[in-house]
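Next come the chains, spelled out residue by residue.
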Protein chains: 4
Amino acid sequence: MKTAVTIMVAAILAISVPASASVIVNKAVTESEVLAAQQNWCDALVDISTTYAESGHSCAKALAEQVIEGAYGYQMGAVLFKPTLTINPQTFRTTPEGALSYFVGSNSEFPNDSGFALKGWTKCEPENAAIFISGNSASTMGKVHFTDKDGQVTTVDKTWGYVKDDAGQLRIILHHSSLEYSGE
Amino acid sequence: MKTAVTIMVAAILAISVPASASVIVNKAVTESEVLAAQQNWCDALVDISTTYAESGHSCAKALAEQVIEGAYGYQMGAVLFKPTLTINPQTFRTTPEGALSYFVGSNSEFPNDSGFALKGWTKCEPENAAIFISGNSASTMGKVHFTDKDGQVTTVDKTWGYVKDDAGQLRIILHHSSLEYSGE
Amino acid sequence: MKTAVTIMVAAILAISVPASASVIVNKAVTESEVLAAQQNWCDALVDISTTYAESGHSCAKALAEQVIEGAYGYQMGAVLFKPTLTINPQTFRTTPEGALSYFVGSNSEFPNDSGFALKGWTKCEPENAAIFISGNSASTMGKVHFTDKDGQVTTVDKTWGYVKDDAGQLRIILHHSSLEYSGE
Amino acid sequence: MKTAVTIMVAAILAISVPASASVIVNKAVTESEVLAAQQNWCDALVDISTTYAESGHSCAKALAEQVIEGAYGYQMGAVLFKPTLTINPQTFRTTPEGALSYFVGSNSEFPNDSGFALKGWTKCEPENAAIFISGNSASTMGKVHFTDKDGQVTTVDKTWGYVKDDAGQLRIILHHSSLEYSGE
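Here is a short report on the structure shown in this document. (Residues numbered from 1 in each chain as written. Chains lettered and ligands numbered in written order. Predicted model: local features only at pLDDT ≥ 70, side-chain atom pairs only at ≥ 80, totals over all residues. Heavy atoms only, no water.)

Quick look at the interface of chain B and chain A now. Taken residue by residue, the interface counts 26 residues in chain B and 26 residues in chain A. Summed over the shared surface of chain B and chain A, the number is 0 salt bridges. On inspection of chain B and its partner chain A, the count reaches 10 residue pairs in polar contact (both at pLDDT 80 or more). Elements represented by at least two residues in the side of chain B that touches chain A include exactly α1 (2-16), β1 (23-26) and β3 (121-134) of chain B. (Contact = heavy atoms within 4.5 Å. Salt bridge = Lys/Arg side-chain N within 4 Å of Asp/Glu carboxyl O. Polar contact = N/O pair within 3.5 Å; in protein donor to acceptor, adjacent residues only side chain to side chain. Helix = DSSP H or I, 4+ residues; strand = E, 2+ residues; numbered from the N terminus.)

Strands sit in the order β2(A)-β6(A)-β5(A)-β4(A)-β3(A)-β1(B) across an open sheet of 6 strands; the sheet is mixed. In the strand order of this sheet, the two ends are held by β2 (80-82) of chain A together with β1 of chain B, each with one partner. In this sheet, neighbouring strand axes are inclined to one another by 30° on average, regardless of whether the strands run parallel or antiparallel. Two elements, strand β3 (residues 121-134) of chain A and strand β4 (residues 137-148) of chain A, share 12 bridges in a ladder whose sense is antiparallel. Across the sheet, residue Lys 123 of chain A finds its bridge partner in β4 of chain A, namely Thr 147 of chain A. (Pairing = 2+ DSSP bridges. Axes fitted to C-alpha atoms, helices over the stretch in contact; angles between N-to-C directions.)

Right, let's talk about the environment of Ala 36 of chain C for a bit. Within the fold, Ala 36 of chain C resides in helix α2 (residues 31-55). Residue class for Ala 36 of chain C comes out partly exposed when judged on its relative accessible area of 36%. (Buried < 20%, exposed > 50% of the residue type's maximum accessible area, 1.4 Å probe, protein only.)

This part is about helix α2 (residues 31-55) of chain A. Residues and elements named next belong to chain A. Compared with an ideal rise of 1.5 Å per residue, which puts 25 residues at 36 Å, α2 spans 35 Å between its outermost C-alpha atoms and is within 8% of the ideal. The complete set of buried residues in α2 reads Val 34, Ala 37, Gln 38, Trp 41, Cys 42, Ala 44, Leu 45, Val 46, Ile 48, Ser 49 and Thr 51. The inward-facing, buried residues of α2 abut α3 (57-71), α4 (96-104), β3, β4, β5 (153-164) and β6 (170-179). (Expected span 1.5 Å × (residues − 1).)

With that settled, consider the packing of aromatic side chains. Residues and elements named next belong to chain B. According to the stated counting rule, one finds 52 aromatic pairs over all chains in the structure shown. A ring pair is formed by Tyr 72 and Phe 81, whose centres lie 5.6 Å apart and whose planes are at 35°; its orientation type is tilted. Under the relative-accessibility criterion, Tyr 72 is labelled buried at 0%. Using a relative accessible area of 1% as the deciding quantity, one classes Phe 81 as buried. Seen in terms of ring centroids, Tyr 102 and Phe 116 are 5.7 Å apart; in terms of plane orientation they differ by 15°. Their pairing is stacked. (Phe/Tyr/Trp six-rings, centres within 6.5 Å; stacked < 30°, edge-to-face > 60°.)

Our focus in this paragraph is the environment of Thr 94 of chain B. For Thr 94 of chain B, the location among the structural elements is in the loop between β2 (80-82) and α4 (96-104). In the structure, Thr 94 of chain B is positioned 78 residues away from Ile 172 of chain B in sequence and 12 Å away in space, judged by C-alpha atoms. The residues touching Thr 94 of chain B, leaving out its near neighbours within four places in the chain, are Tyr 74, Ala 78 and Val 79 of chain B, Ala 130 of chain C together with Val 23 of chain D.

Bringing the sheet that holds β3 of chain B into the picture now. Taken in spatial order, the 6 strands make up an open sheet running β1(A)-β3(B)-β4(B)-β5(B)-β6(B)-β2(B), and their pairing is mixed. Pairing within the sheet leaves two strands with one partner each, and these edge strands are β1 (23-26) of chain A together with β2 of chain B. Strand-to-strand twist across the sheet, computed as the mean angle between neighbouring axes with direction ignored, equals 30°. Inspection of the sheet shows β2 of chain B paired to strand β6 (residues 170-179) of chain B by 3 bridges, in the parallel sense. In the sheet register, Lys 82 of chain B faces β6 of chain B, and the bridge partner there is His 176 of chain B. Packed on one face of the sheet, helix α2 (residues 31-55) of chain B meets β1 of chain A together with β3, β4 (137-148), β5 (153-164) and β6 of chain B and runs near 155° to β3 of chain B.

Let's shift gears to the interface of chain B and chain C. Each side of the interface is counted separately: chain B has 39 residues, and chain C has 39 residues. Both faces combined, the contact of chain B with chain C buries some 2900 Å², and carbon together with sulfur accounts for 73% of it. When residues of chain B are sorted by the area they lose upon contact with chain C, Phe 132, Met 141 and Tyr 181 of chain B head the list and together hold 24% of the total. Across the contact surface, chain B and chain C share 0 salt bridges. On inspection of chain B and its partner chain C, the count reaches 10 residue pairs in polar contact (both at pLDDT 80 or more). Elements represented by at least two residues in the side of chain B that touches chain C include exactly β2, β3, β4, β5 and β6 of chain B. (Buried area = accessible area lost by both parts, 1.4 Å probe.)

Structure (structure tokens):
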């Protein structure tokens, strides 16, 4: 008998205060979204490398343009991007043109770019030291390990900063990458 | 055979890229934190009512001071607080003194306050129409149902705005409460 | 001699380290943006009233649709909107259809809406009690005074919550309006 | 005559709707706050160097502890800090102990740290490539030029991420510093 009564009360409560009636708009950043955004970047890099090997430079360049358009936040005004291998006076790539040149080269305005994404990468793995999520932005810091087609692994120190756009997607608005310091 | 190999590779990856090594600082607001903050407000209101009935006005006032100090964000500069029953020119209570007076009355500077938290409330239930979480702040809108000691229910339209403080606690920085419009 | 050399070095540094070279992307909300968003809402309300009087209901409705689309954040998922004169069970208008019906009426799904924006408003003035800006969101609380064509003034207690969208525009994601409490 | 009347009405309105009556709480980050935070970091570095030269290691260490406590956000949970000259497996300094060791050395737990702030710096100048302010956080990227006591200048690529704390102060929660890439 007691069970039946309890169920009745629960049913009445469910009618008078229906929690499920409320609409939830949640624009906060979650850890899993951050990890997915990192993996997407890595997957895209390997995709560009594979596309270059199989379909040539123009296909790789078209894909890189898509990736930059889709994953970075250049449409927000600028991206704070310091790629691993750029030199003065073109160290920072705050425009999409500068980012594209870094990834696929062949741009006479950036004569020192040889195309980082064209180097035959077969694997790319982020390894986070720390993640800081603050409201609608997030930052990560750690190593990223790149494996080339000969199995050689290159490791860099990498910081990414993300903000969530109106559509709910994380976009890279900060990217600082550097070779490991060797201690001489 | 294929399954066994896959598992071995997965085990190797798990060792070389230990996700558990990273430190996560997450300051984003979650839905459950918002619901808990609402419930805490309701529980505190009933506590003040009970304390008043059992231990008198000075105990209720001391508790109300604690609640305002602990749950609102007056230390951030001001709170946007429009209580249900205030009148001009003291409609808005942007200071902790004004909030305290609304809840427990007996303040000659706010002669129209009779003490909303002293009205013998035995139950307080939020019913959300919608919640909007944006970064380190959140807003809720809906009904709140107050039951008094005779079982009479009063319902108000209520909006709360929260921000997360440095200690990770949600604080009310906006509170707009109003009687339901009757249609005449 | 030493002074002259120092000045030359300083001049060279000033050229090589131009502070103006940096790109600034600033997505923080400013007080003037908040005040402008409030004024825009008021101006739009008077515009809809005027359009209704001069050009009829369908023109007023078309304008109201534009205003809701342009000033509110329904495209972000929902808006927490409690208009002044709505009654249960349609108190909250979390969809654009519900907002439009409140402003211009003539919607059989919302039979109690007579069209708040059609009431011949000639003036609308916000008077803030407090503003709270936190990152990319802002909240305001205060009075809004509406003057009709006979010079009669109606005052309501009003809270607005805004977030800045990707395009840099403030959008209303929270709007709680209520008649002043008379004290009985 | 008409002008005079208009001015009178404006004066009356200004009295009845005093904008200055509203309380403003503004927690957004400004560009000048960001520039000041960068300059403070540079000034503190030179201070530690000077203190070390004039008053010895224990005074320099005490000052460095104060600087880390005051300028970084370790109390928020962790800081994403990759100093210029750290090596594996101690590249990242997510704790205040690791940061202190980097700046003043003499910590047996971090045997490769020689104390970056003890290197006789006499000048430190940030040169921003870009700044991104998003709500209550901000990021900067650019060069920082360090001048030692012999007038030698060392330049690094540096990213800082800040969040504003409850007291309204910007705190460094991200700091990635790296030697310039030489192109071989």
